[in-house]
Amino acid sequence: MSTQLTAPGQLGGTLGAIAVPARMRATMLRRSLREHPGPTVAGLVGLLAAAWLIRYALRGDQHTLGLLAGAWVLGWIVLPLLLGGGRGRVRPAHLRLEPIGGVPAAIGLLAASAIGIGPAVSLVALAALPVHAARYGTVAVLVTAGGAVLLWLLGLVGSAIALEVVGHAGGPAGALLTGVFTGTAMGVAGSLWAVFPWVSVVLVAAPEEVVRAMAYVPSAWPVSAASGPTGQGARLMATLVGIVALCAAAYIMLVRRVITAGVPFRPRGTTVLPPVRRGDEPAARRGTTAASPAGDGHAERGWLGWVPAATRAVVGRELRAWVRHPLRLQYLAFAVVYGALLAGLPLLSDVDLLLPWAGPLAVLGAAAMSAGLVGLDGTALWLPLSTPGGERAEVRGRALAWLVLVTPIGVLLALAGVLLAPDVDPLAALSTLPALLGAGASVPVWVSLLRVRPVADPRHPTSADNPTDIVSVLVATGSGLVAAAPVLALVIWGPSGVAPLLPLVGLLSGAAAWRGGIWLADERLTRRGTDVLAAAGRRSRPPEAVLPLTWDAQWYRENKPTAWALGLLTVGWIPVIPQGLMPLAFGIDSGWIVAGHLSGSAHTAVGLAMVGLGVAMLLTGLVLWDRRPRPDGS
């Protein structure tokens, strides 16, 4: 009798424990929606995209629909890593003190993950699969609906695994994944003019190579199971069920591991330096530090023998930081992928003009993403500030490490572009490369010292942290463009006889940019080092002014500098790129380009005037943005 009474009680207790994460998530979501309108706006945008997908499913191609559904599920898994979606979720670590097993905890966490705007919108979007299968009959609709639910579960479990393993690990895997994804997204967005023709072909009817590849993509299996033979459909659905079951089992093991041990994986062991013996003390005094152990001293002196020992130590420390720090890896991966796609995606439209520029574009992106690295270091700057001559070694070591790391990447990408486009003259791209390297190595060091934006916890950075802002990125990017301007000016307006001098001009421009950036960084760290250290040691950033999503006259009257800065920084690019650089550098003269209606010197003068107007607007916007009122009154 007692056993019969206890079993329902145990079942009720297990169900109650499973419901706890769901209630926690519902409470967090309700409060978040009241305080921030961002998720609601994102949900409305997602519903519009889901409505378009359902509309396409009515008459669209079967294989293209499977491709779009797979892209949606993949975005559901990867996008939270980019947008910091794990910060409002219930994690397995939150249940460590609860009397609950691994399987009930995993079920409860998945139930909590299903509560939110993203899962609801994804379920609506995947309804496009049974809508498309309606042409095959009622049974096909039921089969495809079951497949859509399985894909939804796959996205739900995959997102939970990715957020726990990658998003909270702060390791190189999550950093590289986030950098590659963001670089791909930005590269595609920056090359829409080249991607649209290929996308239009795929939307009409998938090419044969796409059709063959979709046979191995799970998102295409529900419709294939409904439209194909019965035996094939059963095998496809059974395989899809097996994949979902494997992912669920992996998540249960992961949750059980976190609940029992506190971490998803065993932490990596740290390397302990051996004690310095008495006979090795002279070697240690020659520049051996924690960032440059004694075993590496001879190797570093082999290729950096002309560099002072203190600077060599900083170079070694920075190179190790670039390889081990997750955010630095993320930024580097973003720059490489972004530059390669900006130069390579135009091949979809049979345009190979930009291929030799893959290296310069990647270097420019790496410089922009390095404009806030001091904010990642926290209070570590007290070391160079408390060492005689440490400021000089710190600045030069950071710049040299960046140069050593990025130069091979830029050169390899540029040479790959030259080999892939042998008919394109690569002289201009190769000549601007040293100018961009010189500016990218030094100016971001100064910018990161000038505008310090600390992260929440420098010891445990995540992919959601971002120590840069738009002003720092624009200054670092603009410095590279200014350094490359002499080469570009000679290419566009110089006589043909100066072509052999372009590499020399690029080298001189890079050396001048290097010298200027190093001087500015030296002045900043030497004169205002304590201020930089204080700013880098903050555990939270100063509050930013909240931007309204609708027109608010009262906010505009109180924040005119902010409003004008946003307007100028948004509109200022129009006269610079489409109205100025496109007709001057590439000869593009469409109907809305003012210079296209003129010829000769008037064409050049109007293009230059447009560039000057845009630069003035951007600089004014930067000044106004820096002077905007802040909630703390500063």
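What comes next is a walk through the structure. (Residues numbered from 1 in each chain as written. Predicted model: local features only at pLDDT ≥ 70, side-chain atom pairs only at ≥ 80, totals over all residues. Heavy atoms only, no water.)

## Regarding the environment of leucine 584
Alright, step 1. Position of leucine 584 among the secondary structure elements: in helix α26 (residues 573-585).
Alright, step 2. Considered as a pair, leucine 584 and histidine 603 are 19 residues apart in the sequence and their alpha carbons are 8.3 Å apart.
Alright, step 3. Aside from chain neighbours lying at most four places away, what touches leucine 584 is Ile492, Trp493, His603, Thr604, Gly607, Leu608 and Val611. (Helix = DSSP H or I, 4+ residues; strand = E, 2+ residues; numbered from the N terminus. Contact = heavy atoms within 4.5 Å.)

## Quick look at the side chain of glutamine 62
Alright, step 1. Along the chain, glutamine 62 falls in helix α3 (residues 62-83).
Alright, step 2. Residue glutamine 62 is classed as buried on the basis of its relative accessible area of 18%.
Alright, step 3. Once residues within four sequence positions are removed from consideration, glutamine 62 is found in contact with His132, Tyr136, Val223, Ser224 and Ser227. (Buried < 20%, exposed > 50% of the residue type's maximum accessible area, 1.4 Å probe, protein only.)

## Brief notes about the packing of helix α15 (residues 309-324) against helix α19 (residues 390-420)
Alright, step 1. The contact between α15 and α19 brings their axes to 8 Å, and the two run at 50 degrees. One element, α15, and the other, α19, form an angle in the oblique class. The chirality of how α15 crosses α19 is right-handed. Residues Ala310, Thr311, Val314, Val315, Arg317, Glu318, Leu319 and Trp322 of α15 pack against Ala393, Glu394, Arg396, Gly397, Arg398, Leu400, Ala401, Trp402, Val404 and Leu405 of α19.
Alright, step 2. Among the residues forming the contact of α15 with α19, the class breakdown is 11 nonpolar, two polar and five charged. (Axes fitted to C-alpha atoms, helices over the stretch in contact; angles between N-to-C directions. Parallel < 35°, antiparallel > 145°, perpendicular 65-115°, else oblique. Left-handed = near helix turned anticlockwise from the far one by under 90°. Nonpolar A, V, L, I, M, F, W, Y, C, P; charged D, E, K, R; others polar.)

## Here we look at a nonpolar patch on the surface
Alright, step 1. There is a patch of nonpolar side chains on the surface, built from Leu488, Val491, Ile492, Trp493 and Leu608 and spanning about 400 Å² of accessible area.
Alright, step 2. For the nonpolar patch, the leading source of residues is helix α21 (residues 470-493), giving four residues.
Alright, step 3. For tryptophan 493, the location among the structural elements is in helix α21.
Alright, step 4. Owing to a relative accessible area of 42%, tryptophan 493 belongs among the partly exposed residues under this scheme. (Patch = residues over 30% accessible without salt bridge, like charges linked within 9 Å, V, L, I, M, F, W, Y side chains within 5 Å. Areas by Shrake-Rupley, 256 points an atom, 1.4 Å probe, with all protein chains shown as cover. Salt bridge = Lys/Arg side-chain N within 4 Å of Asp/Glu carboxyl O.)

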